[in-house]
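# Coordinate analysis (summary)
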Amino acid sequence: MLTSEYLTCPDLFADTVVDWQKTDGRNALPWQQDPSPYRVMVSELMLQQTQVTTVIPYFQRWMQKLPDIHALAAADTDTVMALWQGLGYYARARNLHKAAKYIVFDLGEFPFELNDLLTIPGIGRYTAGAIRSFAYDAYGPIVDGNVRRLFCRLFGIEGVPTTSAVDKKLWALADALTPKQNNRRFAQALLDLGATVCKPKQADCLSCPLQTQCVAFNTGRVAELPTAKPKKMTPTKAGHFLWIEQGDKLLLQKRPDSGIWADLWSLPQVDETAESLLQAKLQGQFQHVFSHYKLDASVWHPVSGVSEPAGSSWYNKEQVLEIGLPAPIRSWIEKNWLKKS
DNA sequence: CACTCGTGGAA
DNA sequence: TTTCCAAGAGT
């Protein structure tokens, strides 16, 4: 790694990005108002691998329904999953629910120390540092996608950033560059720089406050850093779902507490060798793309008289709106049921 | 360490 | 249309 003025004088780095953030950063995001530990935790869990514009309406709805950690700790699973429905990565919702119960019933108060925050379900090194910074305005190093990109370019770090060797370097830099004061604005500055200036493509180097010190900019390698990781082929899987209507109700099944769409309600899914498919009629098909595979889904009308799958319940058109459904299943139900008179 | 875990915005 | 990838964590 090239030596940088910022490494010998970390305060210079902090002062530079903090000053930039005051005038050019984002300062009106919903979770920046009343940044209590609870609000910061909820926002950070929602923001994991999810864009700000996607999270905002979910965060608003969540806070209206579950305004404090005691409300969340007392809520039931279906309420939590319904509020999360459509956001994806549903383990985050389960972990957030567990976290609230753990903090309220076991700890008694929201932790302050990094090591204590790390014992909370769903909170890893990044999120622990983010809660320290945003909720307590205390020392809390963060390395997320934004910081990885920013540091790889600024210090000319080679190698795929998610490998352990590079990851270790990035955290060492974050530990060293994070100041002892102004942590809330400092952390926001790193995220804002990565999101609005040091972008993955079309980096806006001309308006970057770190430009003169940036190794990638000074060597013309902004487009090459960080090193892209080799992409792998994603497999396609087939899924078979049952459409079973009775009167004004539709049969839905609670999915298991692990695996894809865990704890959500869905059309009952069966193996392609299932007896219920033997004389079933195909209602239609759709495709859905996940991060790691593609799903070719078929929806079947089984012959009448098939036994109800375990863990299934009947829902009418109003009840279906209030439970957590996978996005493509909800979409299918809307098109084929709700919008049909 | 490699894999699992969603969805949608943006180029 | 395809591709990337986003305030990552758990196993």
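The shown structure was predicted, so the numbers you read here are calculated from the model rather than taken from an experiment.

## Points about the protein's contact with DNA strand C
Lining the immediate environment of DNA strand C, one finds 26 residues, of which Glu44, Gln49, Gly122, Thr127 and Asp144 sit closest. For DNA strand C, the fraction of protein-proximal atoms (within 4 Å) that sit in sugar or phosphate groups is 65%. Trp31 places a polar side-chain atom, nitrogen or oxygen, 2.8 Å from a base nitrogen of DNA strand C. Here Glu44 contributes a side-chain N or O atom positioned 2.7 Å from a base nitrogen of DNA strand C. Of all elements in the fold, only helix H3 (37-47), helix H9 (125-136), helix H10 (145-154) and helix H12 (183-197) reach the threshold of two or more residues within the surface near DNA strand C. Per-class residue counts for the surface near DNA strand C are nine nonpolar, 10 polar and seven charged.

## Some remarks on the protein's contact with DNA strand B
DNA strand B sits among 21 residues. The nearest are Tyr90, Ser164, Trp261, His288 and Ala327. Within 4 Å of the protein, the atoms of DNA strand B are drawn from sugar and phosphate moieties in a proportion of 63%. Leu87 places a main-chain nitrogen or oxygen 3.4 Å from a base nitrogen of DNA strand B. Separating a phosphate oxygen of DNA strand B from a side-chain N or O atom of His292 is a distance of 3.4 Å. When residues of the surface near DNA strand B are traced back to their parent elements, those giving at least two are strand E6 (281-289) and helix H14 (327-338). Class assignment for the residues of the surface near DNA strand B results in 10 nonpolar, 10 polar and one charged.

## Observations regarding the side chain of Thr50
Examined against the element boundaries, Thr50 turns out to sit in the loop between H3 and helix H4 (52-65). A residue is classified by how much of its surface remains accessible, and Thr50, at 15% relative accessible area, is buried. A polar contact of 2.9 Å, which involves the side chain of Thr50, links it to the backbone oxygen of Gln48. Among the polar contacts made by the side chain of Thr50, one reaches the side chain of Arg92 at a distance of 3.0 Å. Setting aside its immediate chain neighbours within four residues, Thr50 contacts Val55, Leu87 and Arg92.

## So, the domain arrangement of chain A
In terms of domain boundaries, chain A breaks down into domain 1 (5-218) and domain 2 (236-338). Placing a centre on the C-alpha atoms of domain 1 and another on those of domain 2 gives a separation of 36 Å. On the side of domain 2, 14 residues touch domain 1, which itself brings nine residues to the contact. Along the contact surface separating domain 1 from domain 2 lie two salt bridges. A salt bridge links Arg94 to Asp263; the shortest N-O distance between them is 3.8 Å. Joining domain 1 to domain 2, the criterion identifies four residue pairs in polar contact (both at pLDDT 80 or more). For the side of domain 1 that touches domain 2, the element with the highest residue contribution is helix H6 (residues 77-84), accounting for four residues. Taken together, the residues of the side of domain 1 that touches domain 2 sort by class into four nonpolar, three polar and two charged.

## So, the environment of Asp19
You can see Asp19 is positioned in helix H2 (residues 10-24). Classification of Asp19 as partly exposed rests on a relative accessible area of 47%. The spatial distance from the C-alpha of Asp19 to the C-alpha of Leu117 is 29 Å, given a sequence separation of 98 residues.

## Overview of the nonpolar core
Counting residues in each nonpolar core, the largest one holds 98 residues, and the members touching the most others are Phe13, Met41, Trp62, Phe151, Leu252, Leu267 and Ile333. There are two domains that each give this core at least three residues, and those are domain 1 (5-218) and domain 2 (236-338). Apart from the residues lying within four places of it in its own chain, the contact partners of Met41 are Ile69, Leu96, Ala99, Ile103, Phe110, Ile123 and Ile131. Counting eight residues, the second largest nonpolar core, distinct from the first, contains Leu251, Leu277, Ala280 and Trp300.

## Quick notes on the sheet that holds E6
Either a parallel or an antiparallel arrangement is found when strands of a sheet pair, and the pairing is made through backbone hydrogen bonds. Here four strands make up an open sheet; going across it, the order is E5-E1-E7-E6 and the pairing mixed. One side of each edge strand has no neighbouring strand; the edge strands of this open sheet are strand E5 (269-270) and E6. Here two bridges tie strand E1 (residues 236-242) to E5, and the two strands are oriented antiparallel to one another. Directly across from His240, in E5, lies its bridge partner Val270. In the packing of H14 onto the sheet, contacts are made with E1, E6 and strand E7 (294-301), and the angle to E6 comes to roughly 140°.

## Digging into the packing of H3 against helix H7 (residues 91-107)
Closest axis-to-axis distance for the H3/H7 pair is 10 Å, and the angle between their directions is 160°. In terms of orientation, H3 lies roughly antiparallel with respect to H7. Of the two elements, H3 crosses H7, and the hand of that crossing is right-handed. Each of Met41, Val42, Leu45, Met46 and Leu47 in H3 lies in contact with H7, whose residues at this interface are Arg92, Leu96, Ala99 and Ile103.

Reading the values: the criteria
Residues numbered from 1 in each chain as written. Chains lettered and ligands numbered in written order. Predicted model: local features only at pLDDT ≥ 70, side-chain atom pairs only at ≥ 80, totals over all residues. Heavy atoms only, no water. Near = heavy atom within 4 Å. Polar contact = N/O pair within 3.5 Å; in protein donor to acceptor, adjacent residues only side chain to side chain. Helix = DSSP H or I, 4+ residues; strand = E, 2+ residues; numbered from the N terminus. Nonpolar A, V, L, I, M, F, W, Y, C, P; charged D, E, K, R; others polar. Buried < 20%, exposed > 50% of the residue type's maximum accessible area, 1.4 Å probe, protein only. Contact = heavy atoms within 4.5 Å. Domains from an automatic or database assignment. Salt bridge = Lys/Arg side-chain N within 4 Å of Asp/Glu carboxyl O. Core = buried A, V, L, I, M, F, W, Y, C linked by side-chain atoms within 4.5 Å. Pairing = 2+ DSSP bridges. Axes fitted to C-alpha atoms, helices over the stretch in contact; angles between N-to-C directions. Parallel < 35°, antiparallel > 145°, perpendicular 65-115°, else oblique. Left-handed = near helix turned anticlockwise from the far one by under 90°.

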